[in-house]
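Residue strings, one per chain:
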Amino acid sequence: MEKIIYAINEGKRPGFKNIERKILWLNKMPILRKINIFKKIIYKIYRIPPSTHIDTDFHLSAPNLYLGNNVGLADTYILAYAPIKIGNNCTFSKGNMIITSTHDYEDFSTVIAKPITIGNNVWITLNVVILQGVVIGDNTIIGAGSVVTHDIPAGVLAAGNPCRVVKKIEFKK
């Protein structure tokens, strides 16, 4: 797993310009959310496919998010110092966080980031935290309140802190 290191004295961490941040803040206003052109502007700036749904409290810190089709992000908070790849047909319920970075415990001014990959047909339920370097397999459900600190295989229900496989699941087609 490739890690990315951002030392405070070696340059800037990735992020959006002020105008891009303000446009995302304007997304909270119900009247603007009803204007189709406003939605198109937000989706273009953040490279969000038109089949994706974002809630009023959606937050994205940096342009490192790569989404498949039919993704629902609700009020997900995404700290994307490293790439985050989310597959097709994924749903994120309320209050989730995806965090690609942490501080170096020997030098808090240094940030270490690792990519996160979430497969296809994944449901991230309520108040889940997904931490750096994690891969979540296809056809998986992550239970409420989980903290995902390591890879989760495909076709399972996983839950807990730290998140672990509870049982294998078979989806009926």
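Residues numbered from 1 in each chain as written. Predicted model: local features only at pLDDT ≥ 70, side-chain atom pairs only at ≥ 80, totals over all residues. Heavy atoms only, no water.

Here's the deal with the side chain of S93
Within the fold, S93 resides in the loop between strand 6 (91-92) and strand 7 (97-99). Overall, the relative accessible area of 18% leaves S93 in the buried class. In this structure the side chain of S93 is engaged in a polar contact, spanning 3.1 Å, whose partner is the side chain of W123. With residues up to four places along the chain from it excluded, the contact list for S93 reads A74, D75, T76, W123, I124, T125 and L126. (Helix = DSSP H or I, 4+ residues; strand = E, 2+ residues; numbered from the N terminus. Buried < 20%, exposed > 50% of the residue type's maximum accessible area, 1.4 Å probe, protein only. Polar contact = N/O pair within 3.5 Å; in protein donor to acceptor, adjacent residues only side chain to side chain. Contact = heavy atoms within 4.5 Å.)

Side note on the sheet that holds strand 12 (residues 129-130)
Strand order in the open sheet formed by five strands is 2-4-7-12-15, with parallel pairing between adjacent strands. Each edge of the sheet is formed by a strand with only one pairing partner; in this case those strands are strand 2 (59-60) and strand 15 (147-148). Across two bridges, the pairing between strand 2 and strand 4 (residues 77-79) is parallel. Among the inter-strand pairings, L60 is bridged to a residue of strand 4, identified as I78. (Pairing = 2+ DSSP bridges.)

Structural notes on the pattern of salt bridges
Within this structure, the stated rule accounts for one salt bridge. Here K94 ties to D55 by a salt bridge, and the two come within 2.4 Å at their closest N and O atoms. Placement of K94 in the loop between strand 6 and strand 7 and of D55 in the loop between helix 3 (36-45) and strand 2 is noted, with a sequence separation of 39 residues between them. For K94, a relative accessible area of 42% translates into the label partly exposed. (Salt bridge = Lys/Arg side-chain N within 4 Å of Asp/Glu carboxyl O.)

Some points on the sheet that holds strand 3 (residues 65-67)
Strand order in the open sheet formed by four strands is 3-5-10-13, and the pairing between neighbours is parallel. Two strands in the sheet have a free side with no partner beyond their single neighbour: strand 3 and strand 13 (135-136). Across two bridges, the pairing between strand 10 (residues 116-118) and strand 13 is parallel. Of the residues in strand 13, the one forming a bridge with T117 is V135.

Here we look at unusual backbone geometry
Omega for the peptide link from N161 to P162 comes to 0°, which places this bond in the cis form. If you trace the backbone, P162 turns up in the loop between strand 16 (156-159) and strand 17 (164-168). One non-glycine residue, N70, lies in the positive phi region at around 60°. The topology assignment puts N70 in the loop between strand 3 and strand 4. For N70, a relative accessible area of 43% puts it in the partly exposed group.

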